[in-house]
Amino acid sequence: MAKKNLKRDVVIIGSGPAGLTAAIYSARANLRPLLIDAPADAHKQTAPGGQLMITTDVENYPGFSEGIQGPELMAEFRQQAERFGTEFLEAWINEVDLAERPFTLYTDEQTIEAETLIIASGASAKWLGIPGEAKIPAGFGGNGVSACATCDGPLPHFRNKTIVVVGGGDTAMEEATFLTRYAGRVVVVHRRDKLRASKIMQEKAFNNQKIDFIWNTEVEEIVGTDHEGVTGVKLHDLKTGEKRIFPCAGVFIAIGHKPNTDLFKGQLDMDEVGYLKTSGHSTSTNIPGVFACGDVQDSVYRQAVTAAGTGCMSAIDAERFLDHLPVAMPTGEEVTIEGEHISPDHRAIITADGHLIPNSPEIMAQEDCE
Ligand SMILES: Cc1cc2nc3c(=O)[nH]c(=O)nc-3n(C[C@H](O)[C@H](O)[C@H](O)COP(=O)(O)OP(=O)(O)OC[C@H]3O[C@@H](n4cnc5c(N)ncnc54)[C@H](O)[C@@H]3O)c2cc1C
C-alpha cells in the first residue's frame, strides 16, 4: 500500500512538556504545526504526554499552587495546543532523512516532509524491570517508587522516613545526597563493592551522616500495600546468597537516563551518552532548520519547566528561520533558510553559492571609497 504523504512547515516529534509548548507557540504564530507522538505502549514505557504521564503529584510546576497530577497537567498542555490549531498524529517515527530540506520522516503509514523539525523526543529513565516497580496499579510507581528525586523527594510521603536509592554512579550519589534534605535515612544499594561515581561525588556521599551503603546487593522486588505504598525491598546479597526484606518507605531508581535519539545517530551531533548538541544561544542542532528541546538535549536539569522553556525557544527559532531571519548555530555562526552563513563576529556573510559579502561598516566604507 502506498504511503500517505504529508508536508508541513513545522513538524514536532514528542508530546511531553517540550513538544506541546513548541506546538502552543508555533500554532499561535499561525504555522499550523503537526505534532507526532508515539502511541501508548506499556512495554516501551511510552504514553502520549511523555514522562509526566507516569507520575502522580507534580508540586514544582509554576502556576499550580496546590500541585497537580502529572497526567492532568499534560492534558492541560494538550488542550492549549489544540485550542490554537495544532494537528496531532499518533505514530512512531521509525526513520528520518535530514540530508536536505524539506526533511523526510517515516512512520509505518506516512511519509512526512518538514521544512523545519523540532525534536522533543525526551529521555527515558532506566528501570530495573523488577516486580513492584511498574506504575500503579500494576506496581508502586507513583506510590513510593520514583526515578526523580528533585521531582518527588520533597513529597510528604518521604519525610523523615528510610529511603532506598538504587545505583552506584553520579546520578545515584546526587539523588541520595539530595534526598537527605527530607528523609530520615538514605540507604544506597549497589551491586558491586565500589561506586562508579566520580571521586568528589563519592566523598560527598561518604561524608554525609544520613547516607548508608549496602554493597554487593541487588534489589529483587519492591513490596508494599495499595494503602501504604512501598513498605520495603527484597534484597539479594550476591556474595552470601542471603535474601531478606529491608523495610523502607520509598525507592529511587538512579541507574541513569537514555535520551531517545537512536533515530538521529549519524545525522545529528550528540554527546557520548546520546544527548543532542544544541547551540546554547538557540535550540539549533548542527543541521540548519532542525531544532531540539527538552530532555533530549538536556542531561543537567531534566525538569518539566525547563523542557517547556526550551520548547518555547524551539518554536521561536523555527518561526525566525521560516521568516528568513538568521538563527544561531552551535558553531557560533548564524544561518538563514537560504543557506547564508553570518560569521560569529558578524563581520562577513557567506552566501549559499559561496560569495563573501563584508558586513562591517569599516569594510563597507573602505569599499565605497575604492
Ligand atoms: C517518575 C517521574 C517523575 C517526574 N516528576 C517531575 C516533577 O514532579 N516535576 C518536574 O518538573 N519534572 C518531573 N519529571 C521530569 C519530567 O517528566 C521531564 O523533565 C519532562 O517530561 C521532559 O519533557 P520532554 O518534553 O523533553 O520529554 P518527554 O516527557 O520524555 O516526552 C517525549 C515524548 O516523545 C515521544 N517519542 C520519543 N521517541 C519518539 C519517536 N521515535 N516517535 C514518536 N514519538 C517519540 C515519547 O513517547 C514521549 O511521549 C519526572 C520524571 C519522571 C520519570
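Quick caveat: nothing in here was measured; it's all calculated off a predicted structure. (Residues numbered from 1 in each chain as written. Predicted model: local features only at pLDDT ≥ 70, side-chain atom pairs only at ≥ 80, totals over all residues. Heavy atoms only, no water.)

Undergrad: Can you tell me about the overall build of the protein, naming the residues and giving the values?
TA: Helix and strand content of the protein: seven helices and 24 strands. Its C-alpha atoms put the protein at 85 × 50 × 40 Å along the principal axes. By residue count, 49% of the 370 residues in the protein fall in the buried class. Within the protein, counting contacts between residues at least 6 apart in sequence, those at least 24 apart form 54% of the total. Accessible surface, the protein: about 18500 Å² in total, of which carbon and sulfur atoms supply 50%. Of the side chains in the protein, 33 bear a positive and 52 a negative charge, and the two mean positions are spaced by 9 Å. (Helix = DSSP H or I, 4+ residues; strand = E, 2+ residues; numbered from the N terminus. Buried < 20%, exposed > 50% of the residue type's maximum accessible area, 1.4 Å probe, protein only. Contact = heavy atoms within 4.5 Å. Areas by Shrake-Rupley, 256 points an atom, 1.4 Å probe, with all protein chains shown as cover. Lys, Arg positive; Asp, Glu negative; His and termini not counted. Charge placed at Lys NZ, Arg CZ, Asp CG, Glu CD.)

Undergrad: Quick one: what's the story with the pairing of strand S14 (residues 217-225), residue by residue and with numbers?
TA: Bridge count for S14 against strand S15 (residues 229-237) is eight bridges, and the pairing is antiparallel. When the bridges of S15 are listed, Thr225 appears paired with Gly229. (Pairing = 2+ DSSP bridges.)

Undergrad: Kindly report on helix H2 (residues 70-83), identifying the contributing residues and their values.
TA: In this model, H2 (14 residues) spans 20 Å end to end at C-alpha, consistent with the 20 Å of a helix rising 1.5 Å per residue. Listed in full, the buried residues belonging to H2 are Gly70, Leu73, Met74, Phe77 and Ala81. Buried residues in H2, looked at end-on, bunch into an arc of 95°, giving them a common side. Of the exposed residues in H2, the ones pointing more than 90 degrees away from its buried face are Gln79 and Arg83. In the core, the buried residues of H2 are packed alongside helix H1 (17-28), strand S3 (57-58), strand S4 (68-69), strand S5 (87-90) and helix H6 (304-322). A positive phi of about 100° marks Gly85, the residue just after H2. (Expected span 1.5 Å × (residues − 1). Arc of directions from axis to C-beta.)

Undergrad: Give a description of the sheet that holds S14 that names residues and reports values.
TA: Pairing within the open sheet is antiparallel, and its three strands lie in the order S14-S15-S16. Sheet topology places S14 and strand S16 (243-247) at the edges, where each strand pairs with a single neighbour. Across this sheet, the average inter-strand angle for adjacent strands is 30°, counted without regard to direction. Alignment of S15 against S16, held across five bridges, turns out to be antiparallel. From the neighbouring strand, Lys234 faces S16, where its bridge partner is Ile245. (Axes fitted to C-alpha atoms, helices over the stretch in contact; angles between N-to-C directions.)

Undergrad: Describe in detail the sheet that holds strand S11 (residues 162-166), supporting the description with residues and values.
TA: With parallel pairing, five strands are arranged side by side in an open sheet as S10-S17-S11-S12-S13. The strands lining the two open edges of the sheet, one partner per strand, are strand S10 (145-146) and strand S13 (211-214). In this sheet, S13 lies alongside strand S12 (residues 185-189) in parallel orientation, the contact comprising four bridges. From the neighbouring strand, Val186 faces S13, where its bridge partner is Ile211.

Undergrad: Give me the nonpolar core: which residues, what numbers.
TA: Counting 30 residues, the largest nonpolar core has Ile12, Tyr61, Leu73, Phe77 and Ile118 as the members making the most contacts within it. When residues of this core are traced back to their parent elements, those giving at least two are strand S1 (4-13), H1, H2 and H6. Ranked by the residues each element gives to this core, the list is headed by H6, at seven residues. Phe103, Leu268, Ala292 and Val296 belong to the second-largest nonpolar core, a separate cluster that totals 24 residues. (Core = buried A, V, L, I, M, F, W, Y, C linked by side-chain atoms within 4.5 Å.)

Undergrad: Could you give an account of the side chain of Thr86, naming the residues involved and the relevant values?
TA: Relative to the elements of secondary structure, Thr86 occurs in the loop between H2 and S5. A polar side-chain atom of Thr86 sits 2.7 Å from the main-chain carbonyl oxygen of Ala81. Non-local contacts of Thr86, meaning those with residues more than four positions away in its chain, are made with Ala23, Ala27, Pro33, Leu35 and Ala81. (Polar contact = N/O pair within 3.5 Å; in protein donor to acceptor, adjacent residues only side chain to side chain.)

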